[in-house]
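Spelled out, the chains give:
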Amino acid sequence: MVISKVDVDINNTGVKFSYGTSGFRAEASLLESTVFRVGILAALRSIQTGSVIGLMITASHNEVSDNGIKVADPSGGMLTQRWEPFADAFANAPNHHSLVQLLDDFVKKENITLEGAPAAEVLLGRDTRPSGMSLVEAAKQGILSIIGASATDMGVVTTPQLHWMVRVKNKGIEASEYNYFDQLLTSFRCLLGYIPQGNSNNYMNDKLIVDGADGVGGQKLEKLKSRLSYLTVDVRNYGDGVLNEGVGADYVQKEKVVPRGFGPADAGIRCASLDGDSDRLVYFSVVPNSNKIDLVDGDKILSLFALFIKEQLGILYGPEDGKSNKSYQASLGVVQTAYANGASTDYLKQLGVEVVLTPTGVKYMHEKAAEFDIGIYFEANGHGTILFSNNFLSWLEIRNNELLSISKGSNQHNAVLRLLAVSKLINQAVGDALSGLLLVEAILQHLGWSIHKWNELYQDLPSRQLKVKVVDRTAVVTENAETVVVRPVGIQESIDSETAKYPRGRCFIRPSGTEDVVRVYAEALTQEAADNLAHSVVMLVDKYLVFVDGARVVGVHIESIGWIVESVRKKNHEQAATPVCSLIGFEGYIFLKTDFVAAWLFQPKSEEFGSCAPAGGEVGKVGMEMDFERVLSYSSDTELTHYLVQNYGSAWSVIASRLEILVHHLLAIGGPNPRLRGEAQS
Ligand SMILES: CC(=O)N[C@H]1[C@@H](OP(=O)(O)O)O[C@H](CO)[C@@H](O)[C@@H]1O
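Because the structure is predicted, anything quoted here is derived from the model rather than measured.

A. Here's a closer look at the overall build of the protein chain. Across its full length, the protein chain carries 23 helices and 21 strands. Looking at the protein chain as a whole, 60% of its 682 residues qualify as buried. The contacts in the protein chain between residues at least 6 apart in sequence include a share of 71% that link residues at least 24 apart. Accessible area for the protein chain stands at about 26800 Å²; split by element, carbon and sulfur atoms hold 51% of it.

Dropping the structure here:
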C-alpha cells in the first residue's frame, strides 16, 4: 500500500501518543502528523463499515494551546475499542516505512479491501481553537490519501453535534446544523407541552445564565436561544475570552468557584456551565456574598433524569386504565464511575434503580448503558446521556397508537409521549451539553423545582480530587472499575490502611487517560478529612512512583532503585555502584529525593562515583546502609525480593520489565537535563 504524496510532515515528532480516554491529545503544534494518520484510519474505518465516520478536532476542556482528535463510529459513538491498539501503534509509528508496513498488516488482518471498495466518507468538525483549521487540513490529506475516500468539512461544531451528524447521516437523514437544532427545539417544546397542569407555576419564566467556556457551545447556544420557548437564557463567555481559562464545566466542577464573568450579583439565579467542546454540563448557584458556588454536578443531573424516567415508567405501568400494563417490562439502569459521589450512588439505589460501575471514560459507560432498555450514564464531571433500546422505542410507539384511540391525553398516554420526546431530545450518540441542558430545564419545569430544590435531592459527601505528575502513568494498573490498584504492588494495602482511618472514607487512584498524571480521589465525612486522606495518598503515590516536576526528573523512588539493584546484580556481579550510571545510559546521576534510599544505595561505594555523586553531599548523608554483599549474593528474584521487603519496606516487588520502561522514560525526559549531568538539585 502506498500513501500518496502529501504536504504534511508525516514523520513522528517523538511524542508517545495514546488513544486514551478520549482520542489523541497534545500541544497543538505536535499534532499535524498524528491528525494526518488518524485521517487515514478514519477512511479505512469508513471503508470497512460501509458507513460515514466522523473526525472531531478538539481537546475539549484542555487549555487552548492543546488540541486533539477523536473518531466517531457509524452509530455516532466512540471508535470501537477493537481498533484502539492499531490507532496507538499507527500514531506512534516512527517513519513513513513503518506506517506503510503497519497499514498493510492491518488492512490484511481486518479484511479491508481497498480496490473497488465502496466510496468512503468522513465528516470533519473542529472546535474554536485557532489550531483547528490547519489540523482539519492535515486530516483531510490523510483521508484523501486513501483512494475513493472523501472528506466533508462541517466547520466549527460541538463534539456532540458532529457525533449526531454521523449518526443521522448513516440513517439517511440530512446531517445539518439546522436539523440538529430543529430536533432539539421540537422535542423540547413537545416535553413542555406535557407538563402536568399546575406544576410549572411562576418558575417557567425563570432565567438561566450559561457559561459557554469561551468555546463552541456558547456560540451555538447564543444562536439557539432566541428560538427557545418559555426559557430566558443569558449566555456569557461565548468567545471573547480565552477558551477554558477560568471558565467552563471542568473549571467550575474542580475548583467549585464562579467562572469568569459571574459573581455575587448572580446569587439565587440558576446557572450552568458547558465545557470547551460542549460535551459536558454542570449546574451551579452562586453562594450569596461570595465567589463560591453550590455545584450541581453530573451525578445530580443523572439523579434528576433517573427520577423523572422512573416516574414516567411508574405512570406507564400503573393501573390507570383499569388493567396493569406489563406487556413490556423495560429495564432501567444507571451507569457511574468510581468518581461518582457516594451519596449519589446511595440515592439512586434507594430510588430502586440498578447502578453499575465502569472504568472512567464514556466509551465504557456508553457500552454498559446500551445493555438496558433505558440506560442513563453520567460522569460526575457532567458528561453523559440517556440511551433507549430500539425494542423499547418500538413498543412505546405501539403503545402511543393504542392509547391514542382508547385514552388520549390520559396520564399513561402523556407518560408515553414524554418518554418518546426525551428519546428525541437527548443525544443518543454521545453526551451533549446542549441537549442535556434542555432536558434538565424541561424536567425542572415539569417538577416545578428550583435549582435549590434539585440540589437537595441528597447531600454530597465532601470529596477532594488531586493529581500527581508522573513519568509513566502506565506504571499504575487497576482493576474492579479502577477501585483497586494491582500495580505497583503494595500500594493498595497502603491506601486501604490510610482510608480506614476516616469514617465513611473512600479513596482510589488511577492513571489518567488524557494527561501524564495519576489521579487521586478521596471522600470522607468532612472536607478536612477528605483533604487529609487525598494528601496522604498523594504522598503514597510519590513514594511508589518516579515523579516529575514539570519536565524535570526530581526523584527516583524506591522501586526503581530496587530494579537498578536487581539489574546490577544480574548484569554485573562485581560492583553495585559504577554500573548504575552505565546501566541507565547517561553520564551523571539521578537525584534520589528519598535520600536515605540514596544513602544505602550509594554509600558503600560512594568514592567510586566521582562526578556521579551530586554536589552538596546529599548522597550518602543519611545513615541507613544496605548490605550490598548480601543483596548481590541472592540468586533468585523471589529471595531477593523477600529480603528487601523484610528489611527495606514493601515496595520492592515491581517486575523488572515494568521498571525497564520507567528507566527509558527517565532517559527520555532526563537525558538533556543538566541536573542529571552532575548539578545538585536545589
Ligand atoms: C476525573 C475526570 O474528570 N476524568 C476525565 C478525564 O479523563 P482522565 O482519564 O481522568 O484524564 O477526561 C475524560 C475525557 O474527557 C473524561 O471522560 C474523564 O471523566
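B. Main features of the packing of aromatic side chains. If you walk through the whole model with that rule in mind, you get 19 aromatic pairs. Between Tyr 339 and Phe 508, the aromatic rings sit 4.9 Å apart at their centres with planes inclined by 65°, giving edge-to-face as the arrangement. One end of the pair, Tyr 339, is in the loop between strand S11 (332–336) and helix H10 (342–350); the other, Phe 508, is in strand S18 (residues 506–511), with 169 residues separating them in the sequence. Accessibility expressed as a relative area gives 11% for Tyr 339, which makes it buried. For Phe 508, a relative accessible area of 3% translates into the label buried. Members of the aromatic cluster, connected to one another through ring pairs, are Trp 83, Phe 86, Phe 90 and Phe 106. When the ring centre of Phe 262 is taken as origin, the NZ or CZ atom of Arg 236, which lies over that ring, is 4.8 Å away. Here the guanidinium or amino end of Lys 300 rests over the ring plane of Tyr 458, the centre of that ring lying 4.4 Å away.

C. Spatial organisation of the packing of helix H6 (residues 177–193) against helix H14 (residues 433–447). Here H6 crosses H14 at 10°, and the two axes come no closer than 10 Å. Comparing their axes, H14 and H6 come out roughly parallel. For the pair H6 and H14, the contacting residues are Tyr 180, Leu 184, Phe 188, Leu 191 and Leu 192 in the first and Leu 434, Ser 435, Leu 438, Leu 439, Glu 441, Ala 442 and Gln 445 in the second. Residue composition of the contact of H6 with H14, by class: 9 nonpolar, 2 polar and 1 charged.

D. Representation of the site of the ligand. The environment of the ligand is made up of 17 residues, and the closest members are Glu 379, Ser 512, Gly 513, Thr 514 and Arg 519. The contact in question runs from an oxygen atom of the ligand to an N or O atom on the side chain of Arg 519, over 2.7 Å. Contact with the protein chains hides 96% of the accessible area of the ligand, taken as 430 Å² for the molecule alone. In terms of residue class, the shell around the ligand is made up of 1 nonpolar, 10 polar and 6 charged. Three or more residues apiece are contributed to the shell around the ligand by two domains, here domain 2 (176–460) and domain 3 (463–545).

E. Highlighting the sheet that holds S11. Strands sit in the order S12-S11-S13-S14 across an open sheet of 4 strands; the sheet is mixed. The sheet is open, and its two borders are formed by strand S12 (354–357) and strand S14 (384–388), each paired with just one other strand. When the angles between neighbouring strand axes are averaged without regard to direction, this sheet yields 20°. Across 4 bridges, S11 lies against S12 in parallel orientation. Its bridge partner being in S12, Gly 333 is matched across the sheet by Glu 354.

F. Quick look at the sheet that holds strand S3 (residues 66–72). Ordered by their spatial adjacency, 5 strands build an open sheet running S1-S3-S2-S4-S5, and the pairing between neighbours is mixed. Both outer strands of the open sheet, strand S1 (24–27) and strand S5 (149–156), are each paired with one neighbouring strand and no more. Sheet twist, expressed as the average angle between the axes of neighbouring strands with direction ignored, equals 20°. In the sheet, strand S2 (residues 52–57) pairs with strand S4 (residues 120–126) via 6 bridges, with the strands oriented parallel. Residue pairing for S4: Ile 53 is matched across the bridge by Val 122. Set on the sheet, helix H1 (residues 32–49) makes contact with S1, S2, S3, S4 and S5; between it and S2 the angle comes to about 160°. Across the face of the sheet, helix H5 (residues 159–169) comes into contact with S2, S3, S4 and S5 while running at roughly 175° to S2.

G. Quick peek at the environment of Val 166. Position of Val 166 among the secondary structure elements: in helix H5. A residue is classified by how much of its surface remains accessible, and Val 166, at 0% relative accessible area, is buried. Expressed as a C-alpha distance, the spacing of Val 166 and Gly 54, which sit 112 residues apart in the sequence, is 6.0 Å. If we skip the residues at most four places from it in the chain, Val 166 touches Val 52, Ile 53, Gly 54, Ala 72, Asp 73, Pro 74, Gly 76 and Leu 123.

H. Seen up close, the environment of Val 476. Along the chain, Val 476 falls in the loop between strand S15 (463–469) and strand S16 (477–479). Overall, Val 476 belongs to the buried group, its relative accessible area being 4%. Separated by 16 residues in sequence, Val 476 and Asp 460 have C-alpha atoms that sit 28 Å apart.

I. The arrangement of the side chain of Arg 126 in detail. By secondary structure assignment, the location of Arg 126 is in strand S4. Lacking a salt bridge, the buried Arg 126 has Asp 153 as its closest oppositely charged neighbour, with an N-O distance of 5.4 Å. With near-sequence residues (within four places) excluded, Arg 126 lies in contact with Met 56, Ile 57, Gly 132, Met 133, Val 136, Gly 155, Val 156 and Val 157.

J. Looking closely at the packing of helix H16 (residues 491–499) against helix H17 (residues 527–544). H17 packs onto H16 with a crossing angle of 160° between their chain directions and a minimal axis gap of 10 Å. Judged by the angle between their axes, H16 and H17 are roughly antiparallel. In this structure, the crossing between H16 and H17 has a hand that is right-handed. Together, Ile 491, Ser 494, Ile 495, Glu 498 and Thr 499 of H16 and Leu 533, Ser 536, Val 537, Leu 540, Val 541 and Tyr 544 of H17 make up the contact between the two elements. Among the residues forming the contact of H16 with H17, the class breakdown is 7 nonpolar, 3 polar and 1 charged.

K. A look at the pairing of strand S13 (residues 374–378). Among the 5 residues that make up S13, 5 are buried, leaving the element largely enclosed by the rest of the structure. The alternating pattern of S13 places Ile 374, Ile 376 and Phe 378 on one face and Gly 375 and Tyr 377 on the opposite face, and all of these are buried. Direction of pairing for S11 relative to S13: parallel, over a ladder of 4 bridges. Bridged to Val 335 within S13 is Tyr 377. Pairing of S13 with S14 involves 5 bridges; the strand directions are antiparallel.

Thresholds, definitions, all that
- Residues numbered from 1 in each chain as written.
- Predicted model: local features only at pLDDT ≥ 70, side-chain atom pairs only at ≥ 80, totals over all residues.
- Heavy atoms only, no water.
- Helix = DSSP H or I, 4+ residues; strand = E, 2+ residues; numbered from the N terminus.
- Buried < 20%, exposed > 50% of the residue type's maximum accessible area, 1.4 Å probe, protein only.
- Contact = heavy atoms within 4.5 Å.
- Areas by Shrake-Rupley, 256 points an atom, 1.4 Å probe, with all protein chains shown as cover.
- Phe/Tyr/Trp six-rings, centres within 6.5 Å; stacked < 30°, edge-to-face > 60°.
- Lys NZ or Arg CZ within 6 Å of the ring centre and 35° of its normal.
- Axes fitted to C-alpha atoms, helices over the stretch in contact; angles between N-to-C directions.
- Parallel < 35°, antiparallel > 145°, perpendicular 65-115°, else oblique.
- Nonpolar A, V, L, I, M, F, W, Y, C, P; charged D, E, K, R; others polar.
- Near = heavy atom within 4 Å.
- Polar contact = N/O pair within 3.5 Å; in protein donor to acceptor, adjacent residues only side chain to side chain.
- Domains from an automatic or database assignment.
- Pairing = 2+ DSSP bridges.
- Lys, Arg positive; Asp, Glu negative; His and termini not counted.
- Salt bridge = Lys/Arg side-chain N within 4 Å of Asp/Glu carboxyl O.
- Left-handed = near helix turned anticlockwise from the far one by under 90°.

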